[in-house]
Amino acid sequence: MSTTEYVHDLRALVGHASVNLAGACALVLNSADEVLLQRRRDTGGWGTPGGIAELGEALEDTLRRELHEETGLRPLEVRLLTVVSGKETHVLLPGGDEFYQVTAVYVVPAWEGELAPDGSEGTELRFFPLDALPAGLGPVDRRALDLLRVCWGVE
């Protein structure tokens, strides 16, 4: 079952009520220790590649699938950094649906492929120095990138 089908079926049961949605995001690093961000089509802001897990999907598999779909990259190495959750991850969508993100954050220091935005969820891909990140990052991305600097030793 695809993520879209899963969320649609879930919403048919619970309406707009708040739910927890599990997913994964990737902190893709290049050789200069810059992190890959995508410009999101829905908000116009920047964020990490990633998304919601399909029903029954392991979170590392979610990471691999979403990273390839959104960027054209395939991770050669993945390392779990943290799981971000809590009240600050609350999202209220324009249609009234609410959810809390429970996101496994993976560092991807080695990858292959050609960068190509999917054009559907993301319109642009760019590597940013960790000391020059764009404004407007969401709470999951901010927390993940702050932890990357501290725990991974990237400054």
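Anything mentioned here points back to the structure above.
1. Regarding the sheet that holds strand β3 (residues 46-47)
An order of β3-β2-β8 is seen for the three strands of this open sheet, with the pairing classed as antiparallel. If you trace the sheet from one side to the other, it starts and ends with β3 and β8 (122-128), each paired once. Relative to β8, strand β2 (residues 35-40) is paired through six bridges, and the arrangement is antiparallel. Each bridged residue has a counterpart across the sheet, and for Gln38 the counterpart in β8 is Leu125.

2. Notes on helix α2 (residues 59-71)
If you check α2, its first and last C-alpha atoms are 18 Å apart, about what 13 residues at 1.5 Å a residue would give, namely 18 Å. Considered for burial, the residues of α2 that qualify are Thr62, Leu63, Arg65, Glu66, Leu67, Glu70 and Thr71. In the stretch just after α2, Gly72 is the one whose phi turns positive, near 85°.

3. A few points about unusual backbone geometry
Comment: phi is negative for the bulk of residues other than glycine, and the bulk of peptide bonds are trans. In this structure, Asp33 is a non-glycine residue whose phi angle is positive, near 60°. With respect to the helices and strands, the residue Asp33 is situated in the loop between β1 (19-28) and β2.

4. Topic: the nonpolar core
Proteins that are soluble and globular tend to have nonpolar side chains buried together. Core analysis: the biggest nonpolar cluster contains 16 residues, and Leu27, Val35, Leu37, Val105, Leu145 and Leu148 have the highest contact counts within it. Secondary structure elements with two or more residues in this core: β1, β2, β7 (98-112) and α3 (139-151). Tallying contributions element by element places α3 first for this core, with four residues. Ignoring anything within four residues of it in the chain, the contact list for Leu145 reads Leu27, Val35, Leu130, Leu133 and Leu137. One finds Val28, Leu36, Leu73 and Leu125 within the second-largest nonpolar core, a separate group that totals 13 residues.

5. Things to note about the pattern of salt bridges
Taken as a whole and assessed by the stated rule, the structure comprises eleven salt bridges. Between Arg11 and Asp97 there is a salt bridge; the shortest N-O distance is 3.5 Å. Taken together, the residues Arg11 in helix α1 (residues 3-14) and Asp97 in the loop between β6 (90-92) and β7 connect sequence positions 86 residues apart. Between Glu124 and Arg126 there is a salt bridge, and its shortest N-O distance comes to 2.7 Å.

6. Quick word on the state of the cysteines
Scanning the entire structure with this criterion turns up zero disulfides. As a non-bridged cysteine, Cys25 has Cys151 as the owner of its nearest cysteine sulfur, 14 Å distant. We classify Cys25 as buried; its relative accessible area is 4%. Taking the relative accessible area as the measure of exposure, Cys151 reaches 53% and is therefore exposed.

7. Notes on the pairing of β2
Strand residues, when the strand is regular, have side chains that alternate between the two faces of the sheet. Where β2 and β3 come together, two bridges link them in antiparallel fashion. In the sheet register, Arg39 faces β3, and the bridge partner there is Trp46. In textbook terms, the turn of a hairpin is the stretch between consecutive antiparallel strands, and for β2 and β3 this stretch comprises five residues, one of which, Gly44, has a positive phi near 80°.

8. A closer look at the packing of aromatic side chains
Going through the model one piece at a time under the given rule, you end up with two aromatic pairs. With 5.0 Å between their ring centres and 75° between their planes, Trp46 and Phe128 make a pair best called edge-to-face. A residue pair is termed long-range when its members are at least 10 positions apart, and Trp46 in strand β3 and Phe128 in strand β8 qualify at 82 residues. With respect to burial, Trp46 and Phe128 carry one shared label: buried. Judged by centre distance (6.0 Å) and plane angle (20°), the ring pair of Trp111 and Phe127 falls under stacked. Taken together, the residues span a long stretch of sequence, with Trp111 in strand β7 and Phe127 in strand β8 at a distance of 16 residues. You can call Trp111 partly exposed: its relative accessible area is 25%.

Reading the values: the criteria
- Residues numbered from 1 in each chain as written.
- Predicted model: local features only at pLDDT ≥ 70, side-chain atom pairs only at ≥ 80, totals over all residues.
- Heavy atoms only, no water.
- Pairing = 2+ DSSP bridges.
- Helix = DSSP H or I, 4+ residues; strand = E, 2+ residues; numbered from the N terminus.
- Expected span 1.5 Å × (residues − 1).
- Buried < 20%, exposed > 50% of the residue type's maximum accessible area, 1.4 Å probe, protein only.
- Core = buried A, V, L, I, M, F, W, Y, C linked by side-chain atoms within 4.5 Å.
- Contact = heavy atoms within 4.5 Å.
- Salt bridge = Lys/Arg side-chain N within 4 Å of Asp/Glu carboxyl O.
- Disulfide = S-S within 2.5 Å.
- Phe/Tyr/Trp six-rings, centres within 6.5 Å; stacked < 30°, edge-to-face > 60°.

As far as function goes, none of this settles anything; it's purely spatial.
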